[in-house]
Amino acid sequence: MLAFGGYSSGVMAQSTPAVVCPDHETPSSKVPSQRVGRKIQDAFEAYSNDLVDEAISILLDIDTSDEFDRAYTDRFVGNLLAAKEGEAKRALTYLEGAAKKKLLNDTEHAATLKLVADLNLQEQNYATAVEWYKKWQDFTCKEDPDVYVRMAQAYYELKQLDKIIEPANKAIALYDKPNKNPYVLKMTSYYERKMYPQTIEVAEELVRMFPDTPQWWTQLGFFYMLVEDYKKALSTFEMALNQGYLKKKSEINALAQLYATNEIPYKSAVLQVKYLKEGLLERDAGRLASIANVWHQAKEIRKAADYYGQAAALSNDADHFRRQGTLLLAAEQYSQAISALQKAVELTPEDESGNLYMAIMEAYFYQGKFKDAHKYVQLAKKDKNTARSARSWEPYIKDKAKNRGINI
């Protein structure tokens, strides 16, 4: 609803003065001339009956040479146009004219200055908006946190990132109840200027002031990761997890990575398995291999082998079969190890298979299958990378076979 209680500006009293400058002298109240006043009253009645276009038409028909009449009428026209969608530019023409004459009473002039600023911000005339907000401040000597936020927003849009900080800080100091917007603008200013310690300070303040907002926790955690403070990043993400704030795949991935980075691979694996089962994490070969890797780091050999096997089933990748096979070999699951390693051999060029042959040889050897072990040690001798090791194993295999009465 527009602030018109009638055409007399004197009735528009406020609980606090429009201007609080110490040396300001409030001018005597003015009202439009009788002729113009009647038309303004007609326009106001039309507006009150939701006949906005008719009210505008009445006002536009006013022809006056009196400067105050003109300013007052233009302000009324500008206010009505400002309330209509798509009429902001036209409204500014009237409002700027009314404001520049400085003939309106304090309340009207102050309101017009701020409205001109707001409309310019809306129309993306950011530098002009800042100028008019400053005019409002200079005229009223008031400090409004919302105005400071809008000025900071304008500076952001102008890419004058360093200028954001002062109005944002003033807004923070002035709000009775904490408002996230100036904090976000400050944080953005520092982040886009790569001032990461300052960015983190603001992000920490956001978490303290708005602890029930999940995004501030996760954003702070990512900022800690950015400066490689992995312990604080882990602590932040864990607190967010415990509060039920982690909902995105990227957030779970970050926490899983932080567990591994902080040498807690078991928790990384448990976390990924949980959200894999819940469907937040995709079940593909890369994910399964990642889980296998952290199970391996946690010395959960059989679990690691199982997940490499699941990865291999999806990827048909030689490396996944190789890792599965070597882990099964370490777990003394020899038959299963041989099966996995032979699949790896099928997918690996002959001249790169020496290590695989050696692993298969060991699996057969520890099963007491010395003829099979001898067969694979011969194959390993053909690879220059494993030939020496294979030659050292060959007599050992023969001796063990001989002791068992097996002729090779």
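Residues numbered from 1 in each chain as written. Predicted model: local features only at pLDDT ≥ 70, side-chain atom pairs only at ≥ 80, totals over all residues. Heavy atoms only, no water.

> Could you give an account of the overall build of the protein, naming the residues involved and the relevant values?
Secondary structure assignment for the protein yields 21 helices and zero strands. For the protein, whose C-alpha radius of gyration is 38 Å, the value lies well above the compact-globule estimate of 22 Å for 408 residues. Taken along the three principal axes of its C-alpha coordinates, the protein extends 130 × 40 × 35 Å. Here the protein, with 408 residues, has 46% of them falling under the buried criterion. For the protein, the proportion of contacts with a sequence separation of at least 24, taken over those separated by at least 6, is 52%. A total accessible area of about 21,600 Å² is found for the protein, and carbon and sulfur atoms account for 46% of it. Separation of charge centres in the protein, based on 54 positive and 56 negative side chains, amounts to 11 Å. (Helix = DSSP H or I, 4+ residues; strand = E, 2+ residues; numbered from the N terminus. Rg over C-alpha atoms; globule rule 2.2 N^0.38 Å. Buried < 20%, exposed > 50% of the residue type's maximum accessible area, 1.4 Å probe, protein only. Contact = heavy atoms within 4.5 Å. Areas by Shrake-Rupley, 256 points an atom, 1.4 Å probe, with all protein chains shown as cover. Lys, Arg positive; Asp, Glu negative; His and termini not counted. Charge placed at Lys NZ, Arg CZ, Asp CG, Glu CD.)

> Describe the confidence of the model for the protein, and please don't skip the residues or the numbers.
Here the protein averages 93 in pLDDT, and 96% of its residues register 70 or above. Taken together, the stretch residues 1-14 has pLDDT below 50 and engages in 28 contacts with residues farther than four places along the chain or on a different chain. (pLDDT = per-residue confidence, 0-100.)

> Give me the lowdown on the pattern of salt bridges, citing residues and values where you can.
Applying the stated criterion across every chain yields a total of 15 salt bridges. Note that Arg323 and Asp319 form a salt bridge whose closest N and O atoms lie 2.8 Å from each other. Remark: Asp319 and Arg323 occur in helix α17 (residues 318-330); sequence separation between them is four residues, near one turn of the helix. Accessibility expressed as a relative area gives 31% for Arg323, which makes it partly exposed. According to the relative accessible area criterion, Asp319 is partly exposed, its value standing at 29%. Each of Lys249, Glu282 and Arg287 takes part in a single network of salt bridges with overlapping partners. (Salt bridge = Lys/Arg side-chain N within 4 Å of Asp/Glu carboxyl O.)

> Can you break down the domain arrangement of the protein residue by residue, with the values?
One can read the domain layout of the protein as domain 1 (30-137) and domain 2 (143-210). Just the C-alpha atoms count here: the centres of domain 1 and domain 2 sit 32 Å apart. Contacts between the two partners involve ten residues from domain 1, matched on the other side by nine residues from domain 2. Summed over both sides, the interface of domain 1 with domain 2 buries roughly 960 Å², with 74% coming from carbon and sulfur. Inspection of the domain 1/domain 2 interface yields two salt bridges. We note a salt bridge from Asp144 to Lys114, for which the minimum N-O separation is 3.1 Å. (Domains from an automatic or database assignment. Buried area = accessible area lost by both parts, 1.4 Å probe.)

> Could you give an account of the packing of helix α1 (residues 34-48) against helix α3 (residues 67-82), with specific residues and numbers?
Between α1 and α3, the shortest axis-to-axis distance is 11 Å and the interhelical angle comes to 10 degrees. Between α1 and α3, the angle is such that the two are roughly parallel. Along its contact with α1, which presents Val36, Ile40, Ala43, Phe44 and Tyr47, the element α3 presents Asp69, Tyr72, Thr73, Phe76 and Leu80. (Axes fitted to C-alpha atoms, helices over the stretch in contact; angles between N-to-C directions. Parallel < 35°, antiparallel > 145°, perpendicular 65-115°, else oblique.)

> Explain the environment of Glu278 residue by residue, including any values.
Within the fold, Glu278 resides in helix α14 (residues 265-278). Linking Glu278 and Val294, residues 16 residues apart in sequence, is a C-alpha distance of 19 Å. In terms of polar contacts, Glu278 uses its side chain to reach the side chain of Lys274, at 2.6 Å. (Polar contact = N/O pair within 3.5 Å; in protein donor to acceptor, adjacent residues only side chain to side chain.)

> I'd like to hear about a nonpolar patch on the surface, residue by residue, with values.
On the surface, a nonpolar cluster with roughly 240 Å² of combined accessible area is contributed by Tyr191, Leu226 and Val227. Looking at the secondary structure, you find Tyr191 in helix α9 (residues 180-192). (Patch = residues over 30% accessible without salt bridge, like charges linked within 9 Å, V, L, I, M, F, W, Y side chains within 5 Å.)

> I'd like a rundown of the nonpolar core, residues and numbers included.
Of all hydrophobic cores here, the largest spans 74 residues; its most connected members are Tyr307, Met361 and Ile397. With nine residues, the single largest contributor to this core is helix α19 (residues 354-366). Other than its neighbours up to four places away in sequence, Ile397 contacts Met361, Phe365, Phe370, Ala373, His374, Val377 and Ile408. In terms of nonpolar packing, the next biggest core, distinct from the first, is built from 53 residues, Ala110, Ala117, Tyr148 and Ile164 among them. (Core = buried A, V, L, I, M, F, W, Y, C linked by side-chain atoms within 4.5 Å.)

> So, the state of the cysteines: which residues are in play, and what are the values?
What is meant by a disulfide is a covalent connection between two cysteines, made through their sulfur atoms. Inspection of every chain in the model, using the stated rule, returns one disulfide. Put simply, Cys21 and Cys141 are joined by a disulfide, and their sulfur atoms are 2.0 Å apart. With the S-S dihedral at roughly 100 degrees, the linkage between Cys21 and Cys141 falls on the right-handed side. Here the residue Cys21 occupies a position in the segment before α1, and Cys141 occupies one in the loop between α6 (126-140) and α7 (145-157), the gap between them amounting to 120 residues. (Disulfide = S-S within 2.5 Å.)

> Tell me what's going on with the side chain of Glu251, and back it up with residues and numbers.
Among the structural elements, Glu251 can be located in helix α13 (residues 249-261). Buried and without a salt bridge, Glu251 has Lys248 as its closest oppositely charged side chain, separated by 4.6 Å.

> Provide a residue-level description of the packing of aromatic side chains, including the pertinent values.
This model, assessed by the stated rule, comprises 15 aromatic pairs. Pairing Tyr266 with Trp295 gives two aromatic rings, centres 5.4 Å apart and planes at 75 degrees, and the pair type is edge-to-face. In this pair, Tyr266 sits in helix α14 while Trp295 sits in helix α15 (residues 285-297), placing the two residues 29 residues apart along the sequence. According to the relative accessible area criterion, Tyr266 is partly exposed, its value standing at 41%. Put simply, the rings of Tyr334, Phe365, Tyr366, Phe370, Trp393 and Tyr396 pair up and form one aromatic cluster. When the ring centre of Trp132 is taken as origin, the NZ or CZ atom of Lys135, which lies over that ring, is 4.0 Å away. The ring of Tyr156 has Lys159 sitting right over it, with the charged end atom 4.7 Å from the ring centre. (Phe/Tyr/Trp six-rings, centres within 6.5 Å; stacked < 30°, edge-to-face > 60°. Lys NZ or Arg CZ within 6 Å of the ring centre and 35° of its normal.)

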